[in-house]
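This is what each chain is made of:
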Amino acid sequence: MSTCAPLTDGEFERARRLALRLAGIELSDRHRDLLRRRSERLGGRDTLEALLVAAEEGDADARRRLIELFTTNVTGFFRHPWHFDLAAEHALWAVHRRGRARMWSAAAATGEEPYSLAMAVIDVFRRDDPPVTIVATDVDDGALAIARNAGYTDAALAALPTDHRARFVEESPADGRRRLISSVRRLVEFRSLNLADVVWRLEGVFDVVFCRNVLMYLEACHRYAVLERIASMLPSGGLLLLDPSEHLGGAASLFVSRGDGAYTRRPPEGSVTIARRRDAP
Ligand SMILES: C[S@@+](CC[C@H](N)C(=O)[O-])C[C@H]1O[C@@H](n2cnc3c(N)ncnc32)[C@H](O)[C@@H]1O
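Peer 1: Outline the site of the ligand, supporting the account with residue identities and numerical values.
Peer 2: Lining the immediate surroundings of the ligand are 23 residues, of which Thr75, Arg79, Ala107, Asp138 and Asn213 lie closest. Between Glu113 and the ligand, the recorded distance is 3.0 Å, taken from a side-chain N or O atom to a nitrogen atom. Considered on its own, the ligand offers 600 Å² of accessible surface; in the complex 99% of this is hidden by protein. Looking at side-chain class alone, the shell around the ligand contains 12 nonpolar, six polar and five charged residues.

Printed below as a string of structure tokens:
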């Protein structure tokens, strides 16, 4: 079988069904060529065919490798820099109130987003060990392995402000990559999590959730369900960050927009009434 030939309708339909079933990802016709090019990296269409068969039979490793094929991990340090300032200031406020803050990067890809957050937090708290936890999750285990290692090329690190690069990046490169220093790495805890799963292995509430550039890949009902569940994990006034080009759609009533992709959790229905009753003479 030629490795350059486009995917047949049958192959693409099977891939489309698996993407939806395994990760809630909606593949459209424009993904057909993308998928063909990615499968070349795996060793060609024969490998793709073998993976489709194994994944359909329930093989966990084949499913993991297919998910890696379906996902797009484009990311970078400090994309929309003001989101990080806002999130770090919010963490400072949460710590003043409760002593600790918890943040979640829900589609962390190769780690640039949660590590940017860690740097912003260290800056705002003016200490290397702020009382903040950053949980960073993704469905793509290959991307998470890169994230855990925290080694980046000079091209990726060029997006860091100069002073951050001097303070937070180790000097000597290994295999063409430089690692972020341990105080930044220590703040971030990576876990595998599929937003399309019925159960999320995540306990407790978060003060801030980054859910940027992932909803656009998910099928519409998953998009709404994810936002609804995130809303249930944020306290009133908790902060949600989306890419500024993304929209809340059917979940708009759960949040108040602060502009440019930032939203705060609206108090759940009934909570105002209860507060008023408690305050009443
Ligand atoms: C374009 S990257 C976004 C990275 C980062 N949030 C940013 O904005 O720079 C999209 C990420 O979403 C992840 N993703 C796609 N479907 C997912 C799912 N069902 N559950 C969790 N993560 C998913 C992909 O693996 C990929 O790493």
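Peer 1: Could you give an account of the nonpolar core, naming the residues involved and the relevant values?
Peer 2: Counting 48 residues, the largest nonpolar core has Leu66, Phe70, Trp104, Cys211, Ile230 and Leu240 as the members making the most contacts within it. Those elements that place two or more of their residues in this core are helix H1 (9-23), helix H3 (45-56), helix H4 (60-70) and helix H11 (220-232). Looking at which element gives the most residues to this core, the answer is H1, with six residues. Summarising the domain contributions, this core has at least three residues from each of domain 1 (9-70) and domain 2 (81-265). For Leu66, the residues in contact, after removing those within four places along its chain, are Leu18, Leu48, Leu51, Leu52 and Ala55. With 41 residues, the next largest nonpolar core counts Ala88, Met103, Val132 and Val208 among its residues.

Peer 1: Explain the packing of aromatic side chains to me, using residue names and the numbers behind them.
Peer 2: Taken as a whole and assessed by the stated rule, the structure comprises seven aromatic pairs. Ring geometry for Tyr115 against Tyr152: centres 6.3 Å apart, planes inclined by 75°, an arrangement best described as edge-to-face. In this pair, Tyr115 sits in helix H6 (residues 112-125) while Tyr152 sits in strand S3 (residues 151-152), placing the two residues 37 residues apart along the sequence. Three or more aromatic residues link up through ring pairs in this structure, and these residues are Phe77, Tyr115, Tyr152 and Phe190. The aromatic ring of Phe206 is capped on one face by Arg102, whose charged end is 4.3 Å from the ring centroid. The ring centre of Trp200 lies 3.9 Å from the NZ or CZ of Arg229, which sits over that ring.

Peer 1: Describe the sheet that holds strand S5 (residues 188-192), and please don't skip the residues or the numbers.
Peer 2: As summarised here, the arrangement of the seven strands in space is S5-S2-S1-S6-S7-S9-S8, forming an open sheet in which the pairing is mixed. Looking at strand neighbours, the two that pair on one side only are S5 and strand S8 (255-259), the edges of this open sheet. For this sheet, the mean angle separating the axes of adjacent strands, direction not counted, is 20°. Taken strand by strand, H6 contacts strand S1 (101-105), strand S2 (132-138), S5 and strand S6 (208-210), and its axis lies near 170° from that of S2. Those strands touched by helix H7 (residues 141-149) are S2 and S5, and its axis lies near 165° from that of S5.

Peer 1: Can you lay out the domain arrangement of the protein chain for me, pointing to particular residues and giving the numbers?
Peer 2: One can read the domain layout of the protein chain as domain 1 (9-70) and domain 2 (81-265). On the side of domain 2, 11 residues touch domain 1, which itself brings nine residues to the contact. In total, about 780 Å² of surface goes out of reach between domain 1 and domain 2, with carbon and sulfur atoms giving 54% of it. Per-residue buried area on domain 1 facing domain 2 is highest for Gly24, Glu26 and Glu68; these three make up 45% of the total on that side. Counting across the domain 1 and domain 2 interface gives zero salt bridges. At the boundary of domain 1 and domain 2, one finds four residue pairs in polar contact (both at pLDDT 80 or more). Split into classes, the residues belonging to the side of domain 1 that touches domain 2 amount to five nonpolar, one polar and three charged.

The rules behind these values
Residues numbered from 1 in each chain as written. Predicted model: local features only at pLDDT ≥ 70, side-chain atom pairs only at ≥ 80, totals over all residues. Heavy atoms only, no water. Near = heavy atom within 4 Å. Polar contact = N/O pair within 3.5 Å; in protein donor to acceptor, adjacent residues only side chain to side chain. Areas by Shrake-Rupley, 256 points an atom, 1.4 Å probe, with all protein chains shown as cover. Nonpolar A, V, L, I, M, F, W, Y, C, P; charged D, E, K, R; others polar. Core = buried A, V, L, I, M, F, W, Y, C linked by side-chain atoms within 4.5 Å. Buried < 20%, exposed > 50% of the residue type's maximum accessible area, 1.4 Å probe, protein only. Helix = DSSP H or I, 4+ residues; strand = E, 2+ residues; numbered from the N terminus. Domains from an automatic or database assignment. Contact = heavy atoms within 4.5 Å. Phe/Tyr/Trp six-rings, centres within 6.5 Å; stacked < 30°, edge-to-face > 60°. Lys NZ or Arg CZ within 6 Å of the ring centre and 35° of its normal. Pairing = 2+ DSSP bridges. Axes fitted to C-alpha atoms, helices over the stretch in contact; angles between N-to-C directions. Buried area = accessible area lost by both parts, 1.4 Å probe. Salt bridge = Lys/Arg side-chain N within 4 Å of Asp/Glu carboxyl O.

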